[in-house]
Amino acid sequence: MKTKDLAIQAMIATVYVAVSLAFQPLSFGAVQVRFAELTLLLLLINNKHATGIILGCFITNLFSPLGMADVIFGTLATALTCFLMAKTENDVLKLLWAAIINGVIVGAELTILFGGVPFLFNLATVFAGEIIAVFIPGMLFKTNIRNNKALQQYFN
């Protein structure tokens, strides 16, 4: 990894952590909209940015009130999302992976941790949060992201 690439991944991780902690009440829990997941849109430019996103998620989850479960399962969900986004050509499905994967994995985690809260409720709330944080902005701005020469030059 070149120095510039390492610096960019560190910056992405830093932005992910800063945004997550700035919106901490929304970043964790049964009803969540983790705005830092917007960094997933960088995968529309280059899949190598998964490194910074996953690292940022891992560091953020160290601050989670849900403890090590969130470090393990939340980071796993983001890593799997990045992998599937990198392998998917269809933009709609690519942008839906965050909602699907986090809905299932984090939804299951929350169901186990908050016994009594039904899995479908947790799945639906996490899914909806990811739709708000990733899918809608992604669908609105994917063409602009891909066609922005400055973004391409910096993040490619």
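About the criteria used
Residues numbered from 1 in each chain as written. Predicted model: local features only at pLDDT ≥ 70, side-chain atom pairs only at ≥ 80, totals over all residues. Heavy atoms only, no water. Salt bridge = Lys/Arg side-chain N within 4 Å of Asp/Glu carboxyl O. Helix = DSSP H or I, 4+ residues; strand = E, 2+ residues; numbered from the N terminus. Buried < 20%, exposed > 50% of the residue type's maximum accessible area, 1.4 Å probe, protein only. Axes fitted to C-alpha atoms, helices over the stretch in contact; angles between N-to-C directions. Parallel < 35°, antiparallel > 145°, perpendicular 65-115°, else oblique. Left-handed = near helix turned anticlockwise from the far one by under 90°. Contact = heavy atoms within 4.5 Å. Nonpolar A, V, L, I, M, F, W, Y, C, P; charged D, E, K, R; others polar. Core = buried A, V, L, I, M, F, W, Y, C linked by side-chain atoms within 4.5 Å. Expected span 1.5 Å × (residues − 1). Arc of directions from axis to C-beta.

**Q** Can you help me understand the pattern of salt bridges in this one?
**A** Close approach of charged atoms allows side chains with opposite charge to pair. Counted under the stated rule, the structure contains three salt bridges. With a shortest N-O distance of 3.4 Å, Lys142 and Asp91 are connected by a salt bridge. One end of the pair, Lys142, is in helix 6 (residues 119-147); the other, Asp91, is in helix 5 (residues 91-113), and 51 residues separate them in sequence. For Arg146, the salt bridge is made with Asp91, and the minimal N-O distance between the two is 2.7 Å. Highlighted residues: Arg146 in helix 6 and Asp91 in helix 5, separated in sequence by 55 residues. When its relative accessible area of 30% is taken as the criterion, Arg146 is described as partly exposed.

**Q** Before we go on, may I ask you to explain the packing of helix 4 (residues 68-87) against helix 5 in this structure?
**A** Each pair of packed helices can be summarised by the angle the axes make with each other and by the distance between the axes. One way to put it is that helix 4 packs onto helix 5 with a least axis distance of 9 Å and a crossing angle of 160 degrees. Classified by the angle between their axes, helix 4 and helix 5 sit roughly antiparallel to one another. For the element pair helix 4 and helix 5, the recorded crossing hand is right-handed. Residues Ala69, Asp70, Phe73, Gly74, Leu76, Ala77, Leu80, Thr81, Leu84 and Met85 of helix 4 form the contact with helix 5, whose own contacting residues are Lys94, Leu95, Trp97, Ala98, Ile101, Asn102, Ile105, Val106, Glu109 and Leu113. Of the residues that constitute the contact of helix 4 with helix 5, the class distribution is 14 nonpolar, three polar and three charged.

**Q** I'm lost on the nonpolar core in this one. Help?
**A** What tends to happen in soluble globular proteins is that the nonpolar side chains get buried as a cluster. Formed by 34 residues in total, the largest nonpolar core has its most connected members in Leu40, Leu43, Ile53 and Val134. Of the residues forming this core, the biggest block, eight residues, is contributed by helix 5. Contact partners of Leu40, with chain neighbours within four places excluded, come to Ile53, Thr81, Cys82, Met85, Ala98 and Val134.

**Q** What should I look at first to understand helix 3 (residues 50-61) in this one?
**A** The periodicity of an α-helix, 3.6 residues per turn, causes residues three or four places apart in sequence to face the same way. Over its 12 residues, helix 3 extends 16 Å from the first C-alpha to the last, a length consistent with the 16 Å expected when each residue adds 1.5 Å. Of the residues making up helix 3, those classed as buried are Ala50, Gly52, Ile53, Gly56, Cys57, Thr60 and Asn61. Viewed end-on, helix 3 has its buried residues packed into an arc of 165 degrees, placing them on one side of the element.

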